[in-house]
Amino acid sequence: MQIRLDDIVKDKKTIGIGGHIRPDGDCVGSVLSVYNYIKTYYPEISVDAYLETIPNKFKFLMNSADLKEPVESDKVYDLFICLDCSDIKRLGPSGKMFENAKKRLCIDHHLSNESFADINYIIPDESSTCELVFNSMDEDKITTDIATSLYLGIIHDTGVFRYDCTHFSTMVAAGKLMGKGINFPKLIDETFYQKTFNQNKVTGCALEKAKLYADGRIIASYITMEEMAKYDVLPRHLDGIVSELRDTKDAEVAIFLYELEKGSFKVSSRATADINLAEVASRHGGGGHAKAAGFEVFGEPEAAIQGIVDEITPLLI
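A quick note: this is a predicted structure, and the numbers were derived from the prediction, not measured.

What to know about the sheet that holds strand β11 (residues 292-298)
Pairing is mixed across the open sheet formed by six strands, whose spatial order is β6-β7-β8-β9-β11-β10. Looking at strand neighbours, the two that pair on one side only are β6 (211-213) and β10 (287-288), the edges of this open sheet. Docked against the sheet, helix α8 (residues 197-209) engages β6, β7 (218-223) and β8 (253-261), running at close to 130° with respect to β7. Here helix α12 (residues 301-312) sits on the sheet and contacts β6, β7, β8, β9 (264-271) and β11; the angle it forms with β8, its principal contact strand, is near 145°.

Focus on the packing of helix α2 (residues 25-41) against helix α4 (residues 129-136)
At a minimum axis distance of 8 Å, the contact between α2 and α4 shows a crossing angle of 20°. Considering their axes alone, α2 and α4 lie roughly parallel with respect to each other. When the axes of α2 and α4 are compared, the crossing they make is left-handed. In contact with D26, G29, S30, S33 and V34 of α2, α4 contributes T129, C130 and V133. Class assignment for the residues of the contact of α2 with α4 results in three nonpolar, four polar and one charged.

Here's the deal with the nonpolar core
Formed by 51 residues in total, the largest nonpolar core has its most connected members in I17, I38 and I81. Of all the elements, α2 adds the most residues to this core, at eight residues. Non-local contacts of I17, meaning those with residues more than four positions away in its chain, are made with V31, V34, Y35, I38, V47, D48, A49, Y50, F80, I81 and L83. Of all hydrophobic cores here, the second largest spans 24 residues; its members include V253, I255, I275 and V280.

Some remarks on the pattern of salt bridges
Under the defined criterion, the tally for this structure stands at 20 salt bridges. Residue D74 pairs with K96 through a salt bridge whose shortest N-O separation is 2.8 Å. One end of the pair, D74, is in the loop between β2 (46-50) and β3 (79-83); the other, K96, is in helix α3 (residues 95-100), and 22 residues separate them in sequence. Accessibility expressed as a relative area gives 58% for D74, which makes it exposed. The partly exposed category is assigned to K96, whose relative accessible area is 32%. For R104, the salt bridge identified is with D118, shortest N-O distance 3.4 Å. Placement of the pair is R104 in strand β4 (residues 104-108) and D118 in the loop between β4 and β5 (119-122), with a sequence separation of 14 residues. Residue D118 is classed as partly exposed on the basis of its relative accessible area, which comes to 41%. Several salt bridges share partner residues, and in doing so they unite R4, D7 and K10 into one network.

Details of the sheet that holds β3
Read from one edge of the open sheet, five strands run β2-β1-β3-β4-β5, paired in parallel fashion. Looking at strand neighbours, the two that pair on one side only are β2 and β5, the edges of this open sheet. The mean inter-strand angle of the sheet, taken between neighbouring strand axes irrespective of direction, is 15°. Summarising the sheet, β3 and β4 pair through four bridges and their orientation is parallel.

Topic: helix α5 (residues 144-158)
Look at α5: 21 Å from first C-alpha to last across 15 residues, which is about the 21 Å you get at 1.5 Å a residue. Most of α5 sits out of view: 13 of its 15 residues are buried. Looking one or two residues past α5, G159 carries a phi angle of roughly 60°, positive in sign.

A closer look at unusual backbone geometry
Of note in this structure, R22 is not a glycine but carries a positive phi near 50°. Looking at the element boundaries, R22 is found in the loop between β1 (14-19) and α2. Judged by relative accessible area, R22 falls into the partly exposed class, the value being 34%. Phi is positive for A214, close to 50°, though the residue is something other than glycine. Within the secondary structure layout, A214 lies in the loop between β6 and β7. Residue classification places A214 among the partly exposed positions, given a relative accessible area of 24%.

Each value, and the rule that gives it
Residues numbered from 1 in each chain as written. Predicted model: local features only at pLDDT ≥ 70, side-chain atom pairs only at ≥ 80, totals over all residues. Heavy atoms only, no water. Pairing = 2+ DSSP bridges. Helix = DSSP H or I, 4+ residues; strand = E, 2+ residues; numbered from the N terminus. Contact = heavy atoms within 4.5 Å. Axes fitted to C-alpha atoms, helices over the stretch in contact; angles between N-to-C directions. Parallel < 35°, antiparallel > 145°, perpendicular 65-115°, else oblique. Left-handed = near helix turned anticlockwise from the far one by under 90°. Nonpolar A, V, L, I, M, F, W, Y, C, P; charged D, E, K, R; others polar. Core = buried A, V, L, I, M, F, W, Y, C linked by side-chain atoms within 4.5 Å. Buried < 20%, exposed > 50% of the residue type's maximum accessible area, 1.4 Å probe, protein only. Salt bridge = Lys/Arg side-chain N within 4 Å of Asp/Glu carboxyl O. Expected span 1.5 Å × (residues − 1).

Structure representation (structure tokens):
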């Protein structure tokens, strides 16, 4: 189902926009691109965008300072746009405003999305939510700043076009965004590859602790709260560690855990093998894509890893 963003927003007086908790590049890029599109072409509309604190490396994006902290509120918007969320719980406190809205739109590409809005633009095979947002916009109205946000989301969810969610259409969209005058080399270097010294140190810690399972076909590691404190990093600074693990020769699945609170771990999983990690994640109340999924587990990290390995190993052909 193709949608036109202009047709959906043009008659609205108030619009809320929200993305998932612990926002990544695709979430931040899609939220800010939609927000800036509406602000630029529909100044008569009162629009608010809600996201948890975004990583510093994304704060150069146009109007990132306008982002509001998600809160539980009885506010009723004419339209609430949910971006890059596989279910309403992933909206966090903003979920209440989404439920209260007169009209609800969801744009997403997660395999586990069950179409929970009034209007659902969900294509699991698409590279990113930002590619879907690009398709929904009037191409002639995409400014350099809006293009920058969209390109950011595409490169982060495709691993700079390395993952097999990258399609011909993805490269066409990226090329058109490049044609809008974005500084794509700087964008890629500073938001995807560049790490602080402390991030490199904590990555080294995770790699040092990594272990192989299933005859080397699965690699896994974890970082505790104490280790995050030692290296003075936050959970959002751990982006990329699971991809580092994924790049290990002969490893077909990478698993990375980091501690959210004592005994509670966020799990990120990536695969090069032809398996469905979203199915595994859904058993734990999580979701995602076939080859990139996340969920939460509890207990001691090494025991938790072993349990996940035991679930995934039979899926490896």
